[in-house]
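Single-letter residue listing:
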Amino acid sequence: MTTPRHRHRRTDSRRMVAVVGGFAAAAIAVTLAIPAQAAGSTLQAAAKETGRYFGTAIAASRLNDGTYSGIANREFNMITAENEMKMDATEPNQNQFNYSSGDQIVNWARNNGKQVRGHALAWHSQQPGWMQNMSGTSLRNAMLNHVTQVATHYKGKIYAWDVVNEAFADGSSGARRDSNLQRTGNDWIEAAFRAARAADPGAKLCYNDYNTDNWSHAKTQGVYNMVRDFKSRGVPIDCVGFQAHFNSGNPVPSNYDTTLRNFANLGVDVQITELDIEGSGSSQAQQYQGVVQACLSVARCTGITVWGVRDSDSWRASGTPLLFDGSGNKKQAYTSVLNQLNSGGTPVPGETTGNPTQNPTGNPTSNPTTPPPTGGGSCTASYSEGQKWNDRFNGNVTIRANGNISSWTATVQLQNPQLISAVWGAQASWPAQRTMVVTGGALGSGQSTSFGFTVNHGGNWTWPSISCSAS
Ligand code: G3I
């Protein structure tokens, strides 16, 4: 759990961001704002100091291995089922669902105070036999039924779902991958997202893929264009997962932070979802450090998950790609990840987990500047708490222009089960139940404007996250 002490420390960091504004300066300010004694001694503790999670894939069959579950429990606070929630596992026969192994992992995670990433609702691979030879309308309906049933079963227990996995082709086309699902019509992905949203409105909905790390690659561009299109048409997508399986033939790209930032600027969270890097020693450690650094530099990179605990647990065990060796010892890569996490990073908006009653000052806090997608000025969104009641609280947002801007868009993201019951000073739209988008017109450099709202918190006092983009 986040302690009040942690909350205050992060609040201080964010206040410094408000003062300095730009990204490069913000990163420095945050680093300075975190005192030496704040260093986390585990991956999850260190990540939490930056408002992020650190997760691992878990195999149900290994949970009774004490070394394995001991490391997993100590180091990680986000859990992904490596295979147990996939289509072949959860619906082995059509309309006969089997959640036993998936439930085992979800229950272990929840009993140990961890969150869960759901993986994966719709995928061309690991389909059950009955689905593999289906096509057309019957396949489309079977896929949608699967999404609905599985997301409903886990409703309220999933932080984020990989709704669709690996739907783009490798190579230079930037096009969709051919598959039986793709042949049901190009809209199959958005149909899956809409079904998932209807089944579990509280879960973040992600598109997840591999080989999308290098900004200049056609596949990355293809996924980016799809996400941009989804956002422009109101398709319910909240996040993009970057699997991040690296090796010597597919090294960590030097433009990784650019990729993450450009996707985040579309108005989605980004998450590193299946990280592993083949290799050993300082070379492996440096690459891990680079990935963590890239995520920490992007405010909406909300967490990192490694794809397994020990090298011997990995799907690529011979490549020794993980943070613990086969005996469970911490590797050099572990230390570099921990140190990088402890060096601080751009805070995740809204992840101050602030219980408003415990903020001693009530002073405004601020989110880091989000650069606009194309040239011109940018804007900073600052959140300050207002009145509080047992069942609701007020929030105020100030939008400040950094340079001249012709328009701004603020996105207010609530946490489950919060709902906004009133808005003033702005015209709002609702692309999703807990996402409010507020737009405004031109502001001169240094000018600001503000709006406010009431949140029926349902017991969750977490401050909403606010981001701002300008054109
Ligand atoms: O459990 C059975 C075992 O009973 C049987 O004897 C054995 C014989 O082949 O198979 C075992 O199941 C294997 C399972 O892993 C558990 O080890 C499957 O064959 C094997 O296909 C499966 O591989 C998984 C792979 O996805 C399947 O596509 C890997 O564990 C898993 O790490 C991997 O994860 C994927 C992500 O879901 C998506 N991104 C890529 C990533 C790596 O491929």
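Keep in mind that this is a model prediction, so the values were computed, not measured.

S.K.: What am I meant to see in the overall build of the protein here?
M.R.: The helix and strand tally for the protein stands at 13 helices and 18 strands. Within the span of the protein, comprising 471 residues, buried residues form 57% of the whole. Taking all contacts inside the protein whose residues are at least 6 apart in sequence as the whole, residues at least 24 apart take part in 75%. Summed over all atoms, the accessible surface of the protein reaches about 17,500 Å², with 47% contributed by carbon and sulfur.

S.K.: How should the site of the ligand be read in this particular structure?
M.R.: Near the ligand, the surroundings consist of 13 residues, among which Glu82, Lys86, His119, Gln126 and Glu274 are the closest. One of the side-chain N or O atoms of Glu82 is found 2.4 Å from an oxygen atom in the ligand. With respect to the ligand, the side chain of Gln243 contributes an N or O atom lying 2.9 Å from a nitrogen atom. Here the ligand has 780 Å² of accessible area as a free molecule, and 44% of this is covered by the chains. Its residues assigned to classes, the shell around the ligand comprises 3 nonpolar, 6 polar and 4 charged.

S.K.: Explain the sheet that holds strand β16 (residues 435-440) to me, please; I cannot follow it from the model alone.
M.R.: Pairing in this open sheet of 4 strands is antiparallel, and the strands run β15-β16-β13-β18 from one edge to the other. Looking at strand neighbours, the two that pair on one side only are β15 (428-432) and β18 (465-470), the edges of this open sheet. Neighbour to neighbour, the strand axes of the sheet diverge by 25° on average, direction disregarded. Alignment of strand β13 (residues 408-413) against β18, held across 6 bridges, turns out to be antiparallel. Bridge pairing links Gln413 to Ser465 in β18.

S.K.: What is the right way to read the side chain of Asn250 from this model?
M.R.: One can find Asn250 in the loop between β7 (245-246) and α11 (256-264). Here Asn211 takes part through its side chain, which lies 3.3 Å from a polar atom of the side chain of Asn250. Not counting the four nearest positions on each side in its chain, Asn250 is found in contact with Asn211 and His245.

S.K.: So what exactly am I meant to see when it comes to helix α13 (residues 332-342) here?
M.R.: An α-helix turns once every 3.6 residues. As a result, residues three or four positions apart point the same way. Within α13, burial applies to Ala333, Tyr334, Ser336, Val337, Leu338, Gln340 and Leu341. Remark: Gly344 follows α13 within two positions and exhibits a positive phi of approximately 90°.

S.K.: Where do I start with the pairing of strand β9 (residues 301-306) in this structure?
M.R.: Within a regular strand, side chains alternate between the sheet's two faces. Most of β9 sits inside the fold, with 6 of its 6 residues counted as buried. Running through helix α12 (residues 281-296), the crossover from strand β8 (residues 269-277) to the neighbouring parallel element β9 is right-handed.

S.K.: What am I meant to see in the packing of helix α9 (residues 188-199) against helix α10 (residues 218-233) here?
M.R.: At a minimum axis separation of 12 Å, α9 and α10 run at an interaxial angle of 55°. Classified by the interaxial angle, the pair formed by α9 and α10 is oblique. By crossing handedness, the relation of α9 to α10 is classed as right-handed. Residues Ile189, Glu190, Phe193 and Arg194 of α9 form the contact with α10, whose own contacting residues are Met226, Phe230 and Arg233. By residue class, the composition of the contact of α9 with α10 is 4 nonpolar, no polar and 3 charged.

S.K.: How should I be thinking about the side chain of Thr305 in this particular structure?
M.R.: Mapped onto the elements, Thr305 comes out in strand β9. With a relative accessible area of 0%, Thr305 lands in the buried category.

S.K.: What is the right way to read the pattern of salt bridges from this model?
M.R.: Charged atoms that come close allow side chains of opposite charge to pair. All chains considered together, the criterion is met by 19 salt bridges. Put simply, Arg74 and Glu75 hold a salt bridge, and the shortest N to O gap is 2.8 Å. Here Glu75 falls in the buried class, since its relative accessible area comes to 0%. The network of salt bridges with common partners includes Arg62, Asp65, Arg310 and Asp313.

S.K.: I would appreciate a short explanation of the state of the cysteines in the present structure.
M.R.: As used in these notes, a disulfide is a covalent bond between sulfur atoms, one from each of two cysteines. For the structure on display, the rule yields 3 disulfides. Of note for the protein: the bonded cysteines, numbered N- to C-terminal, pair according to 1-2, 3-4, 5-6.

S.K.: What should I look at first to understand the pairing of β15 in this one?
M.R.: As judged from the 3 bridges shared by β15 and β16, these two strands associate in the antiparallel manner. The residue bridging Ala432 from the neighbouring strand is Thr435, located in β16. The antiparallel hairpin formed by β15 and β16 contains 2 residues in its connecting segment.

S.K.: How should I be thinking about unusual backbone geometry in this particular structure?
M.R.: Among all residues save glycine, negative phi is the norm, and among peptide bonds the norm is trans. The omega torsion across His119 and Ala120 is 0°, close enough to zero to call that bond cis. Checked against the element boundaries, Ala120 lands in strand β3 (residues 115-123). Of note, the bond from Asn416 into Pro417 is cis; its omega dihedral lies within 30 degrees of zero at 5°. Note that Pro417 resides in the loop between β13 and β14 (419-424).

S.K.: Sorry if this is basic, but what is going on with the packing of aromatic side chains here?
M.R.: A complete count under the given rule lists 18 aromatic pairs for this structure. Taking 6.3 Å as the distance between ring centres and 35° as the angle between the ring planes, the aromatic pair formed by Phe451 and Phe453 counts as tilted. A relative accessible area of 3% places Phe451 in the buried class. A network of ring pairs unites the aromatic residues Tyr383, Trp408, Phe451, Phe453 and Trp463 as a single cluster. The aromatic ring of Tyr210 is capped on one face by Lys219, whose charged end is 3.5 Å from the ring centroid.

S.K.: Is there a simple way to think about the environment of Gly70 in this case?
M.R.: Relative to the assigned elements, Gly70 resides in helix α4 (residues 66-75). Note on Gly70: relative accessible area 35%, which makes it partly exposed. Distance in space between the C-alpha atoms of Gly70 and Gly328 is 9.6 Å, their sequence separation being 258 residues.

Scoring rules and cut-offs
- What you see as residue numbers is a count from 1 along each chain, following the sequence as written.
- Residues qualify for local features only when their pLDDT is at least 70, as the model is predicted, and side-chain atom pairs are given and counted only at 80 or more; totals for whole chains, interfaces and linings, by contrast, use all residues.
- The side-chain figures draw on all heavy atoms in the structure; neither hydrogens nor water molecules are used.
- Numbering goes from the N terminus for both helices and strands, where a helix is a DSSP run of H or I of at least four residues and a strand is a run of E of at least two.
- Each residue is placed in one exposure class: buried if its accessible area under a 1.4 Å probe, protein chains only, is under 20% of its type's maximum, exposed if it is over 50%, and partly exposed if it falls in between.
- Contacts were defined at the residue level, with two residues in contact if any of their heavy atoms lie within 4.5 Å.
- To be clear on the numbers: accessible area is Shrake-Rupley with a 1.4 Å probe, and residue cover counts the displayed protein chains and nothing else.
- Proximity is defined per residue: if any heavy atom of the residue lies within 4 Å of a molecule or strand, that residue is considered near it.
- Here a polar contact means two N or O atoms within 3.5 Å. Within protein one must be a hydrogen donor candidate and the other an acceptor candidate, and residues neighboring in sequence count only if both atoms are side-chain atoms.
- Each residue gets one of three labels, nonpolar for Ala, Val, Leu, Ile, Met, Phe, Trp, Tyr, Cys and Pro, charged for Asp, Glu, Lys and Arg, and polar for the others, Gly among them.
- In this analysis, strands are considered paired if DSSP registers two or more bridges between them.
- Lines fitted to the C-alpha atoms define the axes, with helices restricted to the stretch that makes contact. Angles between their N-to-C directions range from 0 to 180 degrees.
- Handedness of a crossover is defined as follows: orient the strands so they point away from the viewer, and if the path from the first strand over the helix to the second runs clockwise, the crossover is right-handed.
- Oblique is the label for any angle not under 35 degrees, not over 145, and not in the 65 to 115 range, which are roughly parallel, roughly antiparallel and roughly perpendicular in turn.
- In this scheme the handedness of a crossing depends on how the near helix is turned from the far one: anticlockwise by less than a right angle means left-handed, clockwise means right-handed.
- When a carboxyl oxygen of Asp or Glu is within 4 Å of a side-chain nitrogen of Lys or Arg, the pair counts as a salt bridge.
- Throughout, a disulfide means two cysteine sulfur atoms within 2.5 Å of one another.
- Working definition: a ring pair exists when centres of Phe, Tyr or Trp rings (six-membered ring for Trp) sit within 6.5 Å. Plane angles under 30 degrees give stacked, over 60 give edge-to-face, the rest tilted.
- Criterion for a charge above a ring: Arg CZ or Lys NZ at most 6 Å from the ring centre, at most 35 degrees from the ring normal.

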